[in-house]
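Structural overview for review
The lines below spell out each chain.
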Amino acid sequence: MKKRTFLIALGLAVSAGCSFANAQTNELAESEVQTKVKQAKVHAKALGGALKSRLKQAIQSGGLEAGVEECQLAAEPIAESLSQNGWEVGRTALKVRNPNNAPDEWEREQLALFASLLEKTKLEGKPPSTPIDNYKYDSDSGEFRYMMAIQQGQVCMACHGGQVAPSVKETILKHYPKDEATGFELGELRGAFTLTYSPQ
Ligand code: HEC
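Quick caveat, the model's predicted, so the values are computed rather than measured.

Reading the values: the criteria
Residues numbered from 1 in each chain as written. Predicted model: local features only at pLDDT ≥ 70, side-chain atom pairs only at ≥ 80, totals over all residues. Heavy atoms only, no water. Phe/Tyr/Trp six-rings, centres within 6.5 Å; stacked < 30°, edge-to-face > 60°. Helix = DSSP H or I, 4+ residues; strand = E, 2+ residues; numbered from the N terminus. Buried < 20%, exposed > 50% of the residue type's maximum accessible area, 1.4 Å probe, protein only. Pairing = 2+ DSSP bridges. Axes fitted to C-alpha atoms, helices over the stretch in contact; angles between N-to-C directions.

**So, the packing of aromatic side chains**
Inspection of the entire model under this criterion finds three aromatic pairs. Plain terms: the ring middles of Trp 87 and Tyr 197 are 5.3 Å apart, the flat faces sit at 55 degrees to each other, and that makes the pair tilted. With Trp 87 in strand E1 (residues 87-92) and Tyr 197 in strand E4 (residues 189-197), this residue pair connects regions lying 110 residues apart in the sequence. Each of the two residues, Trp 87 as well as Tyr 197, counts as buried. With a centroid separation of 5.9 Å and 25 degrees between ring planes, the pair formed by Tyr 135 and Phe 144 is classed as stacked. Since its relative accessible area comes to 2%, Tyr 135 is described here as buried.

**Notes on the sheet that holds strand E3 (residues 144-151)**
With respect to topology, four strands assemble into an open sheet ordered E1-E4-E3-E2, the strand pairing being antiparallel. Only two strands of the sheet have a single neighbouring strand rather than two, namely E1 and strand E2 (133-137). Between one strand and the next, the sheet's axes are offset by a mean angle of 15 degrees, whatever the strand orientation. Here E1 runs beside E4; their pairing, made up of six bridges, is antiparallel.

What follows is the structure in structure tokens.
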């Protein structure tokens, strides 16, 4: 599975401590799983940070349209440069802009779960204070997977909100004719970082 990996990751990962402890830890010691969780969080943040600064720069110098184009150009190389030592990093969502980011079955399940958790905190009127995330470990293959929710923030509205400016919309559709990633509300689940570690 060579999935296109890309993170804009504007640091809004509502990454959150509810790591539902459903990992099968029979062969990998619990402490090793926790180490993997920590590493996954570091990788997700690195990707988020790198894309955030590239996006910010592009928007400052050339506006939102330039931001869209920069995302398209920079995302994959950035994610690839950070996908090392058995890790593969990327982003996914239930509604995607880039079809290469579409979720697989496990990712879809986690996204649905994250969405309902965020909905709940929205009803309570406060953003979650800890990351919303989850992981699983397959003791047969040794594969470890981790996901962390990314929440729709104010800065995302210009390109993923309900009222994207016509010129921005046009640029988006030029590069992503099948774009599904608009219409998100503030605080809603936009997507998630998704990371896989495969033993080498
Ligand atoms: C300048 C426009 C722009 C802004 C601002 C922006 N994005 Fe995006 N976003 C894009 C583009 C373009 C893509 C498709 C990238 C690709 O080719 O993988 C994308 C893709 C994504 C994806 C990957 C899933 C998908 O839809 O393909 C996530 C998750 C995401 N954005 C979250 C955010 C969040 C969260 C924010 C705000 C913190 C944000 N974006 C701000 C343009 C933008």
